[in-house]
Amino acid sequence: MREAVICEAVRTPIGRRNGAFAEVHAVDLSAHVLNTVLERTGLSADDVDDVVWGCVTQLGDQSGNVGRFALLAAGWPESVPGVTINRACGSSHQAIEFAAMGVMSGRYDLVVAGGVETMSRVPLGATRAVGQPYGPLMSGRYPGSTFEQGAGAEAMAVRWSFSRQQLDEFSLASHGKAAAATDAGAFAAQLAPLPSVPDFRVDEGIRRDSSLEKLAGLKSAFAEGGVVTAGNSSQISDGAAALVVTTPERAAERGLTPVARLHTGVVAGDDPTMVLSAPIPATAKLLKRSGVPLEDIGVYEVNEAFATVPLAWLSETGADPAKLNPLGGAVAVGHPLGASGAILMTRLIHHMHDNGIRYGLQAICEAGGTANATLVELVA
């Protein structure tokens, strides 16, 4: 079977809700990163077999086929197709996986994968305003469950006995790591600021003045007397990211330099009432399938939907905490749902390249109790 490699990965800075990207349409935000990957690789849009795009809240600005509309907005030929997929918070992670599967099988030679979410313009949960998404049979199987992520985060805190202080300490550290990475220029090569928003060049959500005292003053968000707050949860955000996925052979033909090989990918399911715990079985499945021991992996990106998620993952895997989210995570910089998987992968492979790290692992929890996990290997 053919190999799949990533040759370029770019992302916008992540904007706060109602912040720098509040007036930017999701299609235009997507078009910007699509054109940026072409500019940085020297590719022509005619080289692209498909655009595979993640987007979660497919309503309003995001109600159509954002992947297809974005490439048209970017001025690409009408002959280039595009598709939009939804695996909740892992949508663009799954987009990368689908791109890799197509390339490895021979159905594609070169794909641009990524995703977008403009949560300022299309609010979280807007698609549930009408109707009941679960239906009577699912609700009957899990009586009393709301399947809500906030409730799931509280349930995780109970199951793993996390205190409010533990969650707040993790969250404060996330802000600190993200600030330090920004100041060190760790994100400079991957960022694609919008010309229309010229003063917005770094992730907007980082709180440099945060403290344990400030975090302790926040009210519980999802349960009376609970431990999950806005301060130890991911931020509602806007952003987009795009990656070029192809074969080593096609990369050589086009003069591209592969950065990382998509070594192994899996998806797994877990308790849908807890919602957020599936990165744990997904990681176990990934390690078994890849044959690479956890201790040989140099960096882990586990999405910080809530601080409970990476902390539970650490507890169950026994992984080295020093390798986890070394540049901070979604608690600090935000979680633009449909873009987050591609943003994480962009951050991951650039970090591996900059630091000579052979293996990196990415895992992301998803509504419905599923998770994607991918192992990538640096191409020397």
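Below, the structure is looked at part by part. (Residues numbered from 1 in each chain as written. Predicted model: local features only at pLDDT ≥ 70, side-chain atom pairs only at ≥ 80, totals over all residues. Heavy atoms only, no water.)

Right, let's talk about the overall build of the protein chain for a bit. In terms of helices and strands, the protein chain carries twelve helices and ten strands. Taken against the 2.2 N^0.38 rule, which gives 21 Å for 380 residues, the C-alpha radius of gyration of the protein chain at 19 Å falls within 12% of a compact globule. With the principal axes as the frame, the protein chain shows a C-alpha extent of 60 × 45 × 45 Å. A sequence separation of at least 24 residues applies to 80% of the contacts in the protein chain between residues at least 6 apart. (Helix = DSSP H or I, 4+ residues; strand = E, 2+ residues; numbered from the N terminus. Rg over C-alpha atoms; globule rule 2.2 N^0.38 Å. Contact = heavy atoms within 4.5 Å.)

Below, the discussion takes up the side chain of Asp 168. When you line up the elements, Asp 168 lands in helix H6 (residues 164-183). Beyond its immediate stretch of four places on either side in the chain, Asp 168 contacts Leu 212, Leu 215, Ala 216, Thr 229 and Asn 232.

Our next topic: helix H2 (residues 66-73). When H2 is considered as a whole, its buried residues turn out to be Val 66, Gly 67, Ala 70 and Leu 71. Seen from one end, H2 has its buried residues packed into an arc of 130 degrees, which puts them on one side. Of the surrounding secondary structure, the elements contacted by the buried residues of H2 are helix H1 (26-41), strand E3 (50-54), strand E4 (82-85) and strand E5 (110-118). (Buried < 20%, exposed > 50% of the residue type's maximum accessible area, 1.4 Å probe, protein only. Arc of directions from axis to C-beta.)

Let us look at the packing of H1 against H2. Helix packing for two helices is described by the angle between their axes and how far apart those axes are. Following both chains from N to C, one finds H1 and H2 inclined at 65 degrees, their axes separated by 8 Å at the closest point. Along this stretch, H1 crosses H2, giving a crossing that reads as right-handed. Contacts between H1 and H2 involve Ala 26, Val 27, Asp 28, Ser 30, Ala 31 and Leu 34 from the first element and Val 66, Phe 69, Ala 70, Leu 71 and Ala 73 from the second. Looking at the contact of H1 with H2 residue by residue, the class counts come to nine nonpolar, one polar and one charged. (Axes fitted to C-alpha atoms, helices over the stretch in contact; angles between N-to-C directions. Left-handed = near helix turned anticlockwise from the far one by under 90°. Nonpolar A, V, L, I, M, F, W, Y, C, P; charged D, E, K, R; others polar.)

Below, the discussion takes up the pattern of salt bridges. In this structure the tally under the stated criterion is 13 salt bridges. Here Arg 121 makes a salt bridge to Asp 61, at a shortest N to O gap of 2.5 Å. On the criterion of sequence distance, the pair formed by Arg 121 in the loop between E5 and helix H4 (135-141) and Asp 61 in the loop between E3 and H2 is long-range, its members being 60 residues apart. Look at Asp 61 and you get partly exposed, because its relative accessible area is 24%. Asp 168 is the salt-bridge partner of Arg 164, the closest N and O atoms lying 3.0 Å from each other. Of this pair, Arg 164 and Asp 168 both sit in helix H6, four residues apart, roughly one helical turn. What makes Asp 168 buried here is its relative accessible area of 2%. One salt-bridge network, held together by shared partners, links Arg 2, Asp 109, Arg 250 and Glu 253. (Salt bridge = Lys/Arg side-chain N within 4 Å of Asp/Glu carboxyl O.)

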